[in-house]
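Topology and contacts: notes
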Amino acid sequence: MPELPEVEALAGYLRERAVGRRVDRVEVAAISALKTYDPAPSALSGRAVVDARRHGKFLDVVVDGGLHLVVHLARAGWLHYREAFPATTPLRPGKGPVALRVRLDDGSGFDLTEAGTQKKLAVYLVTDPAQVPGVAKLGPDALGADLPTFAERLRSRRGQVKGVLTDQAVLSGVGNAYSDEILHAAKLSPFAITDRLTDDQLAALHAATRAVLGDAVRRSLGQRAAELKGEKRSGLKVHARTGLPCPVCGDTVREVSFADSSLQYCPTCQTGGKPLADRRLSRLVR
Ligand SMILES: [Zn+2]
């Protein structure tokens with residue numbers, strides 16, 4: 001799932017490449033992805049792209065006249081920038097991974113795609129990003145929050161730190177992958193309870209959040225958006241590395257599985273050497 005660093009890089013690429021170009025036309029192939037109907041996508045035609053921004057994990061393409069194309073890429077969505085489209089034949093609704101295509105006046109443009117059968121990609125055309133429910137409830141940006149704000153937000157919600165850190169209403173931008181990395185860098189168990197964290201632990205968590213996200217943004221910006229792969233992140237130390245050695249201490253990275261996700265962590269770095277109970281497995285054993 002694209003998180004803050006990948007969406008930031010996509011916004012940066014669009015600012016560089018698409019700003020100043022006019023929208024030629026918009027084609028919607030996956031009608032279920034479009035969550036608003038007024039204004040219609042045709043309202044974008046003829047308008048110039050003036051900015052591209054990020055709100056948490058949402059991408060916001062701003063066109064003149066104050067219209068915002070707001071996109072949530074969900075788990076398997078991505079934005080592919082095309083220097084040219086292969087043919088002028090229109091997209092066939094319901095066929096293939098392309099949900100929405102935006103053609104610009106220089107022949108370039110971008111496709112919003114979604115892999116797999118679970119269709120969760122969401123596109124909104126609004127006059128104010130706050131009209132998007134998911135944007136309206138976002139907490140402060142995880143990368144921009146200073147330590148007092150960060151600590152106040154984390155302590156405002158009692159729960160396991162992994163869950164609280166990925167709750168977009170608490171802090172926005174962090175998802176499953178970067179929360180694993182942040183907790184590893186902060187040497188905290190994913191199951192530590194937020195209101196029991198000491199000031200020192202919260203300061204370490206804040207510093208780790210900025211370092212991990214900042215590094216990932218810089219790496220992502222170094223790549224061209226066409227080559228940015230949401231699933232192929234570089235520089236991860238524990239996330240998606242189950243069974244491999246921790247690059248910090250050499251211990252084996254372990255995993256806890258849930259119904260539809262999993263987390264990875266290093267026992268030596270994060271849990272005093274003790275493996276966490278795998279809930280799925282321990283339920284079977286019981
Ligand atoms: Zn380690």
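As the structure is a prediction and not an experimental result, all values here were calculated from the model.

**Concerning the side chain of D111**
Turning to its location among the elements, D111 is positioned in strand β7 (residues 109-114). Judged by relative accessible area, which is 1%, D111 ranks as buried. In contact with D111, not counting residues within four places along its chain, are W78, L79, H80, R82, F85, V98, L100 and R101.

**Let's talk about the coordination of the zinc ion**
Taken together, C246 (SG), C249 (SG), C266 (SG) and C269 (SG) make up the protein donors of the zinc ion, found 2.3 Å from the metal. Given four donor atoms and angles of 96 to 114° at the metal, the environment of the zinc ion is assigned as tetrahedral. Overall, C266 belongs to the buried group, its relative accessible area being 0%.

**Comments concerning the pattern of salt bridges**
With the rule as written, the count across this model stands at 18 salt bridges. Note that E27 and R25 form a salt bridge whose closest N and O atoms lie 3.1 Å from each other. A relative accessible area of 9% places E27 in the buried class. The structure contains a network of salt bridges with shared partners spanning R17, R21, E83, D105 and D106.

**Considerations on the environment of L44**
Checked against the element boundaries, L44 lands in the loop between β1 (23-28) and β2 (49-55). As a C-alpha pair, L44 and D24 span 20 residues in sequence and 8.2 Å in three-dimensional space. When residues no more than four places from it in sequence are discounted, the contact partners of L44 are V23, V26, V63, L67, L69 and L125.

**Brief notes about helix α5 (residues 176-185)**
Buried residues dominate α5, accounting for eight of its ten residues. Every buried residue belonging to α5 is among A177, Y178, S179, D180, E181, I182, L183 and H184, and all of these are buried. Those residues of α5 hidden inside the fold are in contact with α1 (4-17), α4 (161-165), α6 (199-221), β10 (262-265) and α7 (267-270). Positive phi appears at K187, one or two residues downstream of α5, with a value of about 55°.

**Some remarks on the sheet that holds strand β6 (residues 98-104)**
Strand order in this open sheet of four strands is β1-β6-β7-β5, and the pairing throughout is antiparallel. Edge positions in the open sheet fall to β1 and β5 (77-82), since each of these has one partner strand only. Averaged over all pairs of adjacent strands, the angle between strand axes in this sheet comes to 15°, irrespective of strand direction.

**Here we look at the UniProt feature "domain: FPG-type" (unreviewed entry) in the protein chain**
UniProt's entry tags residues 237-271 with the feature "domain: FPG-type" (unreviewed entry), counted in the numbering of this structure. The span residues 237-271 is 11% helix and 23% strand, and its two end C-alpha atoms sit 16 Å from each other.

**A word on the packing of helix α3 (residues 147-156) against α6**
Two numbers describe how α3 lies on α6: the axes approach to 10 Å, and their chain directions differ by 110°. The angle between α3 and α6 places the two elements in the roughly perpendicular class. Here the hand of the crossing between α3 and α6 comes out right-handed. For the pair α3 and α6, the contacting residues are L147, F150, A151, L154 and R155 in the first and D199, L202, A203, L205, H206 and T209 in the second. The class makeup of the residues in the contact of α3 with α6 is seven nonpolar, two polar and two charged.

**Regarding the packing of aromatic side chains**
Each aromatic ring pair is described using two quantities: the centre-to-centre distance and the angle formed by the ring planes. Evaluated as defined, the whole model comprises one aromatic pair. Seen in terms of ring centroids, Y13 and Y81 are 5.5 Å apart; in terms of plane orientation they differ by 70°. Their pairing is edge-to-face. Residue Y13 is located in helix α1, and its partner Y81 is located in strand β5; the two are separated by 68 residues in the primary sequence. When its relative accessible area of 10% is taken as the criterion, Y13 is described as buried. Taking the ring centre of F85 as reference, the NZ or CZ of R103 above it sits at 5.0 Å.

Definitions and limits used
- Residues numbered from 1 in each chain as written.
- Predicted model: local features only at pLDDT ≥ 70, side-chain atom pairs only at ≥ 80, totals over all residues.
- Heavy atoms only, no water.
- Helix = DSSP H or I, 4+ residues; strand = E, 2+ residues; numbered from the N terminus.
- Buried < 20%, exposed > 50% of the residue type's maximum accessible area, 1.4 Å probe, protein only.
- Contact = heavy atoms within 4.5 Å.
- Donors = N, O, S within 2.8 Å, 3.2 Å for Na, K, Ca; no water.
- Tetrahedral: all angles 85-135°; square planar, octahedral: opposite > 155°, others 65-115°.
- Salt bridge = Lys/Arg side-chain N within 4 Å of Asp/Glu carboxyl O.
- Pairing = 2+ DSSP bridges.
- Axes fitted to C-alpha atoms, helices over the stretch in contact; angles between N-to-C directions.
- UniProt positions renumbered as here; feature names shortened; annotations may be inferred.
- Parallel < 35°, antiparallel > 145°, perpendicular 65-115°, else oblique.
- Left-handed = near helix turned anticlockwise from the far one by under 90°.
- Nonpolar A, V, L, I, M, F, W, Y, C, P; charged D, E, K, R; others polar.
- Phe/Tyr/Trp six-rings, centres within 6.5 Å; stacked < 30°, edge-to-face > 60°.
- Lys NZ or Arg CZ within 6 Å of the ring centre and 35° of its normal.

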